[in-house]
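# What the coordinates show
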Amino acid sequence: MSEKTELTISLNADTARLFADYEAFTRVTPEIYVQQLIEKTLPTLEAMVGALRDANGDEEAVMELFGKKMAESLLKQKQAQTN
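So, here is what we can say about the structure in this document. (Residues numbered from 1 in each chain as written. Predicted model: local features only at pLDDT ≥ 70, side-chain atom pairs only at ≥ 80, totals over all residues. Heavy atoms only, no water.)

### Remarks on the overall build of the protein
Assigned secondary structure in the protein consists of four helices and zero strands. Radius of gyration (C-alpha) of the protein: 17 Å, far over the 12 Å computed for a compact globule of 83 residues. Once the C-alpha set of the protein is aligned to its principal axes, its extents read approximately 45 × 35 × 25 Å. Across the 83 residues in the protein, those meeting the buried criterion constitute 13%. (Helix = DSSP H or I, 4+ residues; strand = E, 2+ residues; numbered from the N terminus. Rg over C-alpha atoms; globule rule 2.2 N^0.38 Å. Buried < 20%, exposed > 50% of the residue type's maximum accessible area, 1.4 Å probe, protein only.)

Take a look at the structure:
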């Protein structure tokens with residue numbers, strides 16, 4: 001099992017109220033909602049970090065590399081779902 005790191009975020013009153021309403025309807029806490037959102041978007045974050053790393057400061061190359069890495073990530077994700 002991987003080690004966990006805690007992250008603290010601040011929400012404005014409107015957002016906090018919206019999360020409270022959502023939790024009342026679904027029983028899904030804001031913490032769980034945000035955790036699931038982050039986990040579902042990890043391929044995007046991984047692709048962006050990889051593109052930034054591989055671009056070596058070349059801003060024009062970042063988006064091209066990002067597109068390629070997103071495609072690779074989505075393909076890996078799809079293959080994992082079929083296995």
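### Description of the pattern of salt bridges
Taken as a whole and assessed by the stated rule, the structure comprises three salt bridges. A salt bridge links R17 to D14; the nearest nitrogen and oxygen atoms lie 2.5 Å apart. A residue pair is termed a helical-turn pair when its members lie 3 or 4 positions apart in one helix, as R17 and D14 do in helix α1 (residues 13-26) at three residues. What makes R17 partly exposed here is its relative accessible area of 47%. (Salt bridge = Lys/Arg side-chain N within 4 Å of Asp/Glu carboxyl O.)

### Some points on the packing of helix α3 (residues 42-55) against helix α4 (residues 59-82)
Put simply, α3 and α4 touch, their axes get as near as 8 Å, and they point 140° apart. In terms of axis orientation, α3 runs oblique to α4. Seen from above, α3 lies across α4 with right-handed handedness. Together, P43, T44, E46, A47, M48, G50, A51, L52, D54 and A55 of α3 and A61, V62, L65, F66, K69, M70, S73 and Q77 of α4 make up the contact between the two elements. The residue inventory of the contact of α3 with α4, partitioned by class, reads 11 nonpolar, four polar and three charged. (Axes fitted to C-alpha atoms, helices over the stretch in contact; angles between N-to-C directions. Parallel < 35°, antiparallel > 145°, perpendicular 65-115°, else oblique. Left-handed = near helix turned anticlockwise from the far one by under 90°. Contact = heavy atoms within 4.5 Å. Nonpolar A, V, L, I, M, F, W, Y, C, P; charged D, E, K, R; others polar.)

### Quick word on the packing of α1 against helix α2 (residues 30-40)
At a minimum axis distance of 9 Å, the contact between α1 and α2 shows a crossing angle of 95°. As far as their axial angle goes, α2 and α1 are roughly perpendicular. Of α2, the residues touching α1 (which contributes F19, Y22 and E23) are P30, Y33 and V34. Split into classes, the residues belonging to the contact of α1 with α2 amount to five nonpolar, no polar and one charged.

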